[in-house]
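An overview of the molecular structure
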Number of protein chains: 2
Amino acid sequence: MQQKQTCFTQEAQDTTCRARAGVVQTAHGPVATPVFMPVGTRATVKSLSPAELHEHGVQILLGNTYHLYLQPGHELIARRGGLHRFMAWDGPILTDSGGFQVFSLIYGSVAEEIKGRRPAMPSNHPDMVKVTEDGVLFRSYLDGSRHLFTPERSIAIQHALGADIIVCFDELPPLRAGYDYTAQSLERTHRWAQRCLDYHQQQAIPLVEGLPRQLLFGIVHGGIYPNLRSQSADYISSMAFDGLCIGGSLGGDKAQMYEVVDMTVPFLPDYWPRHLLGVGDVDDLIECVARGIDMFDCVAPTRMGRHGTALVREPERRWRISVTNAALREDDGPLQAGCPCMTCRTFSRAYIHHLFHAKELLGIRLVSIHNVAFLLHLMTEIRSSLIEGRFGALYRAWLGKDLPALSSRPQ
Amino acid sequence: MQQKQTCFTQEAQDTTCRARAGVVQTAHGPVATPVFMPVGTRATVKSLSPAELHEHGVQILLGNTYHLYLQPGHELIARRGGLHRFMAWDGPILTDSGGFQVFSLIYGSVAEEIKGRRPAMPSNHPDMVKVTEDGVLFRSYLDGSRHLFTPERSIAIQHALGADIIVCFDELPPLRAGYDYTAQSLERTHRWAQRCLDYHQQQAIPLVEGLPRQLLFGIVHGGIYPNLRSQSADYISSMAFDGLCIGGSLGGDKAQMYEVVDMTVPFLPDYWPRHLLGVGDVDDLIECVARGIDMFDCVAPTRMGRHGTALVREPERRWRISVTNAALREDDGPLQAGCPCMTCRTFSRAYIHHLFHAKELLGIRLVSIHNVAFLLHLMTEIRSSLIEGRFGALYRAWLGKDLPALSSRPQ
């Protein structure tokens, strides 16, 4: 049960797992959860217009502080009236802290780890200038110029961008960093969390009279280590945040990612929304909702769109088909039968197959729309099933198995 | 005055020049003229959706027979129900004959000539296999395979694609071909016109019961030579076509292009619509409407969109600005003040500038929409001015000078 007034209102809780439905109140309106948010890295969800995002049920976008800071710059965006106005999106926005990009350029990304791809060790990576107690000195991916992100700087940049939800600056040690480095990094990330919170409380101003100011989310770290995750969950939960993210290494495969979520969520308060950073595969969304996650973001639907990979309701194909596949050449059906998205209402697989073979930009757009709509439709289905008390049946229908037994918080 | 019942109804005629307004009836609905049609080379107007085209007032599209024949193939499109259904465009479509692309690959295009760019002489060009009385043997730009276009084949392909307006197969000798070759080519193109008409009359079937079948347009040739143009105009006008195009070399600069139109139109009947192939600059549209042209097509608005060049109402800038120009970096205004297109209603120059610098696909789309809408809006203005009897004032307002004196047909 909820213990205090926050931005989050829980509306339903599954009785056999941790899945729940709720609403997050933001300055740009409510967000019904569980929710998937498309990523608009450079103030645009690649190839899609804000009107298309609205039409297809997008509630909230994620913007990347790192990219926007470097190009076109947070100060320019602030002079344009903030990120919402700049990109003409009047719904809620969440910005990350910039830490993820800085560190994934150095260490490789969490998603690459889960897929078993691990880049070379970073010790002498030219982009990594230095991580100190103060912050991170790094080089721009655009021009090699040197920049410093500190917790205070990250929050200041996010204040300038003006997102509804902003996130603490953190270090992201990779899986292979091992226990000792992860434990040591965790303590610094906790000190950074306090600095973010202090700076935010001193500097933040209300976005709109009478509406909440920017919501600040903490980030729980601790890699794959249960004692570090529980320690971080307890610590972050004790602070005056508005919600939290689960960040850091999520392990070396999907099973380990689910374990990490499973070992973390029991230590989190019910009254905050929980965001799992950078996750968006169909099975991961369902599995992590079952484990108590409310919010997701991922570049996958638009990245797959650019590569001609479309989401379909076929678990045996890992929920995806390649539109360039010869089998689609004369297929007059939609990408997904019954899908209500603009692409599936209007165009055939044969046409989209042609567009990709002819390297036509419209193809990217049509598959991106479909993929975003597919995940949003999945999340809507999940939410309805929670409100109607039939999430277990949905889980079985999509994943072909029963809900797993989950861990519980030690008494 | 109109002398017989055709697909074209004239609604207004300027008293001081040859500009006129009318309506072309097609199987997929009426087209109000003067009209500009965006080009959907490969069954897509690059980066734009059919819904966007409709919203922005597009009445009719042009599809390229040459490209569609090679990829994905006219037979595949016919099996999908035709080009309209394949690309989900339910408005009128015009397909060209394929001749333009076959010959511009060999000789360079008419637009390149007008801009003073002339590629190397074609005599031993590897793509040009042979032009004979029968037709043209050429190589695919995709895979080098050999193909034969004859007048009958071009019409058969256009029947399969199913456009509302189809066009005779022609040879396009370049400006530098000179008088003798142009005259000799013209005679062959006239023989090809007869073969196209014969084949069309034998093979064509009504598209829809009670509505006109595919309209077949002849093409007037003759390069820059008045006697050849008048001879071709008289010859083509004597045949049982539904309208006509002005094709072939239009000279070495814009002034010569206007002269070619001026020397041709007086020899054309009033009762047919007149299409000037491949022309779409702002000044050219106005100048050629003044000289009696009803229909235009050009890749310019979408090609410029891909390169970040936006149309603006500024003749001193040749009606165009580059969105990557540093002056737009913090410009909160729309591409064109007062423009009702989606791009200008929604996004600032600063945002579009950012999208192009960040190489974001949405930028291409936004500038393409604006450019198409800009030309359509110009054509709507032109049409209104004709119906309201003030085309001369519009001409002065856009071009800063009075209507020119035009040639008249010798008695």
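Residues numbered from 1 in each chain as written. Chains lettered and ligands numbered in written order. Predicted model: local features only at pLDDT ≥ 70, side-chain atom pairs only at ≥ 80, totals over all residues.

Overview of the overall build of chain A
Per the secondary structure count, chain A includes 16 helices and 16 strands. At 21 Å, chain A has a C-alpha radius of gyration in line with the 22 Å of a compact globule built from 411 residues. Taken along the three principal axes of its C-alpha coordinates, chain A extends 60 × 50 × 50 Å. If you take every contact in chain A between residues at least 6 apart in sequence, the share linking residues at least 24 apart comes to 68%. (Helix = DSSP H or I, 4+ residues; strand = E, 2+ residues; numbered from the N terminus. Rg over C-alpha atoms; globule rule 2.2 N^0.38 Å. Contact = placed C-beta atoms within 7 Å.)

Points about the relation of the copies chain B and chain A
In the superposition of chain B on chain A (RMSD 0.0 Å, axial shift 0.0 Å), the rotation amounts to 180°. Here the copies are linked by what is in effect a two-fold axis. Relative to the rotation axis, the closest C-alpha in chain B is found at Leu361 of chain B, a distance of 4.0 Å. Both copies contact each other with a shared surface, as 100% of the interface residues of chain B are interface residues in chain A too. (Least-squares fit on C-alpha atoms with pLDDT ≥ 70 in both.)

Digging into the domain arrangement of chain A
All names here are of chain A. For chain A, the assigned domains read domain 1 (8-298) and domain 2 (309-398). At the interface, 25 residues of domain 1 touch 22 residues of domain 2. Put simply, the parts of the chain that give the side of domain 1 that touches domain 2 at least two residues each are strand E1 (8-13), strand E2 (20-26), strand E4 (35-38) and helix H11 (282-290). Broken down by element, the side of domain 1 that touches domain 2 gets its largest block of residues, 5 residues, from H11. When grouped by side-chain class, the residues that make up the side of domain 1 that touches domain 2 number 15 nonpolar, 5 polar and 5 charged. (Domains from an automatic or database assignment. Nonpolar A, V, L, I, M, F, W, Y, C, P; charged D, E, K, R; others polar.)

Here we look at the interface of chain B and chain A
Across the contact, 29 residues belong to chain B and 29 residues belong to chain A. The element best represented in the side of chain B that touches chain A is helix H14 (residues 349-357) of chain B, accounting for 5 residues.

What to know about the environment of His357 of chain B
Along the polypeptide, His357 of chain B turns up in helix H14. Note on His357 of chain B: 17 C-beta atoms within 10 Å, which makes it partly exposed. Separated by 11 residues in sequence, His357 of chain B and Ser368 of chain B have C-alpha atoms that sit 16 Å apart. What His357 of chain B contacts, discounting residues up to four positions off in sequence, is Gln71 of chain A together with Thr324 of chain B. (Buried ≥ 20, exposed ≤ 12 C-beta atoms within 10 Å, placed from the backbone.)

Here's the deal with helix H10 (residues 254-264) of chain A
Within the span of H10 of chain A, buried status applies to Met257, Tyr258, Val260, Val261, Asp262, Met263 and Thr264 of chain A. Residues of H10 of chain A that are buried sit in contact with helix H6 (110-114), strand E11 (215-220), helix H9 (226-237), strand E12 (243-246), strand E13 (274-276) and H11 of chain A.

Section: the sheet that holds strand E3 (residues 29-33) of chain A
All names here are of chain A. Strand order in the open sheet made by the 3 strands is E1-E2-E3, with antiparallel pairing throughout. A strand with exactly one partner marks an edge of an open sheet, and here the two such strands are E1 and E3. Across the sheet, the mean angle from the axis of one strand to that of its neighbour is 15°, orientation sign disregarded. Two strands pair when backbone bridges link them, and E2 and E3 are joined in this way by 5 bridges, in the antiparallel orientation. Note that in E3 the partner of Gly22 across the bridge is Thr33. Helix-sheet contacts for helix H15 (residues 361-387) involve E1, E2 and E3, and the interaxial angle to E2 is about 115°. (Pairing = 2+ DSSP bridges. Axes fitted to C-alpha atoms, helices over the stretch in contact; angles between N-to-C directions.)

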